[in-house]
Amino acid sequence: MERLQIAKAHAKNKKKIKKAFIQINRSLNQAIKENKTDLEETNVRMLIILYASYLEPALGYITHIYEKQITNKIKNDVLSKRSEIDKWLELIDVLFRKHYLNGTYKELNLLNLGHTNYHRYKYIKELCDTDIRTIIEIRNKLAHGQWSIALNSDDFQKNQSVTTKIWTLTKKDTLIFKRIIISFVDIMELLAASGQQLAKDFDKKVHNLELKKIELENRYNWLISNIKSKKIDVSGL
């Protein structure tokens, strides 16, 4: 398949996954409304698996559709990385070097990038290496059947921190995870398109993400109350 065909395939996968978001979320809201705890826990876990899975076709789409910015060599270098998180981290570095360092291998620091570009780089890198990494780690445990007890990579020891997180997952996590993933992918598309496009829309994207995270913290109990009473349309929440 040609790059454009591959990009179109990934775009269709992204679209289908987004439709699945809506269906499982409706089931989750109904479970919350009817106090069906087991169904609620199941839907929360399934949504997180689904949200995290969106990252894979998103990466495939970005690396194939932007042919001028991402050469075949860059694409192959990125996709050859071992883990999904390493692929994203490599893509961030490659694109910042391409747009701001003329493709050279100078260090990506404040001196070479300049204040504004460096802090954009730092934000995107930390978003990927903390929030996205955490989401992928939880998804991986769930996808490998570790729905109750998460194990370390050797499967011989309990991973207490991830186990605790799995047992405390709620709809709030699904909402936050979804917002982080969609925002991260949007920012990465801006970065892939051009340095000018990133400069134009970066602040707006980051503001919307951080604002939504604060709103979810402050209004979550109100949201659950309204789901249970169905006073508002919650089909998209």
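Scroll up for the structure.
Residues numbered from 1 in each chain as written. Predicted model: local features only at pLDDT ≥ 70, side-chain atom pairs only at ≥ 80, totals over all residues. Heavy atoms only, no water.

Moving on, we get to the overall build of the chain. A count of helices and strands for the chain gives 10 helices and 0 strands. Start at the N end of the chain and walk to the C end: the helices and strands fall as α-α-α-α-α-α-α-α-α-α. Its C-alpha radius of gyration of 19 Å places the chain within 12% of the 18 Å reference for a compact globule of 237 residues. For the C-alpha atoms alone, the extent of the chain along its principal axes is close to 55 × 45 × 40 Å. A burial count over the chain gives 44% of its 237 residues as buried. Surface exposure of the chain reaches about 13,000 Å², of which carbon and sulfur atoms provide 51%. Positive and negative side-chain charges in the chain, numbering 42 and 28 respectively, have mean positions lying 6 Å apart. (Helix = DSSP H or I, 4+ residues; strand = E, 2+ residues; numbered from the N terminus. Rg over C-alpha atoms; globule rule 2.2 N^0.38 Å. Buried < 20%, exposed > 50% of the residue type's maximum accessible area, 1.4 Å probe, protein only. Areas by Shrake-Rupley, 256 points an atom, 1.4 Å probe, with all protein chains shown as cover. Lys, Arg positive; Asp, Glu negative; His and termini not counted. Charge placed at Lys NZ, Arg CZ, Asp CG, Glu CD.)

Below, the discussion takes up the pattern of salt bridges. Think of it this way: side chains of opposite charge can pair up when their charged atoms draw near. Here the structure, examined in full by the defined rule, presents 13 salt bridges. Here Glu-34 and Lys-36 are joined by a salt bridge, their closest N and O atoms 2.9 Å apart. Judged by relative accessible area, Lys-36 falls into the partly exposed class, the value being 41%. With a shortest N-O distance of 3.5 Å, Lys-200 and Asp-201 are connected by a salt bridge. For Asp-201, a relative accessible area of 17% corresponds to the buried category. (Salt bridge = Lys/Arg side-chain N within 4 Å of Asp/Glu carboxyl O.)

Turning our eyes to something else, we now look at unusual backbone geometry. Most peptide bonds adopt trans geometry, and most residues besides glycine take a negative phi value. The backbone of Asn-35 shows a phi angle near 60°, a positive value even though the residue is not glycine. Structurally, Asn-35 is set in the loop between α1 (3–33) and α2 (37–53). Despite not being glycine, Asn-102 has its phi angle at roughly 55°, a positive value. Within the secondary structure, Asn-102 is located in the loop between α5 (84–100) and α6 (110–113).

Geometric values such as these leave the question of function open.
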